[in-house]
Amino acid sequence: MATSIKKLPDNEQVLSGNGACGGCPATMALRIVGKALGPNAIMLLTPSCSVASMGMTPKLGYNWPCINITFASAGSSAAGISNAVEIMKEKGRLEGDLPTIFSWVGDGGTYDIGFQALSAAAERNDNIIHFCYNNEAYSNTGVQRSGATPRGTFTTTTPSGKLQAKKNMALLMLEHHIPYVATATVAYPGDLYDKVVKAKNIRGTKYIEILAPCYLGWQFDMAETVQHSRMAVRSGAWLLWEAENGQISFNSPTAQIIDGKRKAAPVDEYLWKQGRFSRLLKGPDAQQRIAEIQGDIDREIDFMRERARITY
Ligand SMILES: Cc1ncc(C[n+]2csc(CCOP(=O)(O)OP(=O)(O)O)c2C)c(N)n1
Ligand code: SF4
Ligand SMILES: [Mg+2]
């Protein structure tokens, strides 16, 4: 059973008054992450909504030392800082526990622009946590497609709906043989909290990806963030899983969908509630395109069920 939201610690690493939109899923997720990591951490950020909304020194919205870096260098910069603090500790120049070094990066920065350095850090198994908050688009620059954008989505660079399926980034990270990989989303805060606590206590590269439904890109009402997050999981469009040392397990309610104990909700309702699919749903080939999206979801569920049976 995941930790109840009522039992989460009181510490707040995300301070009130930052510049994010109301109902921002990235900020919501970061708040939970902060409760799990605590204050002894160093945060790296690449250009994104989370940078745009954090404010400026001395009025930063995040209560950690924060470093803004280029997209291409999140993996290498985090690795460098992690190695530096370990050497400082060895030399007696750092007292107390080592800080957790973590990157907080969007899907554009993770799936696309920063993938190379992240892949290299994971292959070296550098002692970092990479968080990808995945709002399925480049939101900060006006909603362009990314490798995480699902098929059929309208963005400013896919005006007739994206034609390609999204890639399975968490699985790609698992194939780097890192000790911990997990997916999460804001509608299940206890699940997210538990996964971050686990990652914090594991040495090596940890990758946690958080689905972050964004009202701007997905086109729904700001107050509905959590509802969309929950619908993504219930329809199987987002799967909750974790892998410790390569062994995949699924978390509730995805576990019941994978086991066949619960049917995934048809994707139709999930699509209809989001403006980003509206052009597709009004087109003459709507049924065929919905079927393609449902096909992507069904294939991914079948694939992950089989992939979880493989250990090495
Ligand atoms: C090398 C480089 N290319 C493009 C940009 C412009 N840029 C700033 S934020 C951003 C979007 C990032 O998308 P994502 O990582 O998904 O974060 P989100 O905006 O969705 O929070 C882009 C393309 C940049 N700063 N640097
Ligand atoms: S555009 Fe989306 S991700 Fe960006 S600050 Fe607003 S709600 Fe958050
Ligand atoms: Mg994004």
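Nothing here was measured: the structure is a model prediction, and the numbers come from that model. (Residues numbered from 1 in each chain as written. Chains lettered and ligands numbered in written order. Predicted model: local features only at pLDDT ≥ 70, side-chain atom pairs only at ≥ 80, totals over all residues. Heavy atoms only, no water.)

A. Local environment of the coordination of the magnesium ion (ligand 3). The protein atoms that coordinate the magnesium ion (ligand 3) are Asp107 (OD), Asn135 (OD1) and Ala137 (O), at distances of 2.0 to 2.1 Å. Taken in chain order, the donor set of the magnesium ion (ligand 3) reads D-x27-N-x1-A. Of this pair, Asp107 sits in helix H4 (residues 107-113) while Ala137 sits in the loop between strand E4 (129-134) and helix H6 (169-174), and the two are 30 residues apart along the sequence. For the pair Asp107 and Ala137, one class covers both residues: buried. (Donors = N, O, S within 2.8 Å, 3.2 Å for Na, K, Ca; no water. Helix = DSSP H or I, 4+ residues; strand = E, 2+ residues; numbered from the N terminus. Buried < 20%, exposed > 50% of the residue type's maximum accessible area, 1.4 Å probe, protein only.)

B. Representation of the state of the cysteines. A full pass over the atoms with the stated rule returns zero disulfides. Here Cys132 stays free of any disulfide, with the sulfur of Cys49 as its closest cysteine sulfur at 13 Å. (Disulfide = S-S within 2.5 Å.)

C. Representation of the site of ligand 1. In the vicinity of ligand 1 lie 15 residues, with Cys49, Gly108, Gly109, Tyr133 and Asn140 positioned nearest. Between ligand 1 and Asp107, the relevant distance is 3.0 Å, taken from an oxygen atom to a side-chain nitrogen or oxygen of the residue. With respect to ligand 1, the backbone of Gly109 contributes an N or O atom lying 2.9 Å from an oxygen atom. Its free accessible area being 590 Å², ligand 1 has 71% of it covered by the protein chains. Broken down by element, the residue count for the shell around ligand 1 peaks at three residues, all from H4. In terms of residue class, the shell around ligand 1 is made up of six nonpolar, eight polar and one charged. (Near = heavy atom within 4 Å. Polar contact = N/O pair within 3.5 Å; in protein donor to acceptor, adjacent residues only side chain to side chain. Areas by Shrake-Rupley, 256 points an atom, 1.4 Å probe, with all protein chains shown as cover. Nonpolar A, V, L, I, M, F, W, Y, C, P; charged D, E, K, R; others polar.)

D. Here's a closer look at the sheet that holds strand E8 (residues 247-250). The mixed open sheet is built from eight strands, whose spatial order is E2-E1-E3-E4-E6-E5-E7-E8. Of all strands in the sheet, those bounded by a partner on one side alone are strand E2 (66-68) and E8. Taking each pair of neighbouring strands and ignoring which way they run, the sheet shows an average axis angle of 20 degrees. Contacting strand E1 (41-45), E2 and strand E3 (100-106), helix H3 (residues 74-90) runs over the sheet at an angle of about 170 degrees to E3. (Pairing = 2+ DSSP bridges. Axes fitted to C-alpha atoms, helices over the stretch in contact; angles between N-to-C directions. Contact = heavy atoms within 4.5 Å.)

E. Region of interest: the nonpolar core. By size, the foremost hydrophobic cluster in this structure holds 45 residues, and its most contacted members are Tyr207 and Trp241. Those residues within four positions of Tyr207 in sequence are excluded, and the remaining contacts are Thr110, Tyr111, Leu118, His130, Cys132, Met169, Ala170, Met173, Ile178, Tyr180, Val181 and Ala182. (Core = buried A, V, L, I, M, F, W, Y, C linked by side-chain atoms within 4.5 Å.)

F. Focus on the pattern of salt bridges. Evaluation of the coordinates by the stated rule reveals 16 salt bridges. In this structure, Arg124 and Asp126 form a salt bridge, with 2.7 Å as the shortest nitrogen-oxygen distance. Exposure remark for Asp126: the relative accessible area of 9% places this residue in the buried category. Measuring nitrogen to oxygen at the nearest pair gives 3.8 Å for the salt bridge that ties Asp259 to Lys261. (Salt bridge = Lys/Arg side-chain N within 4 Å of Asp/Glu carboxyl O.)

What is shown is where atoms sit, not what they do.
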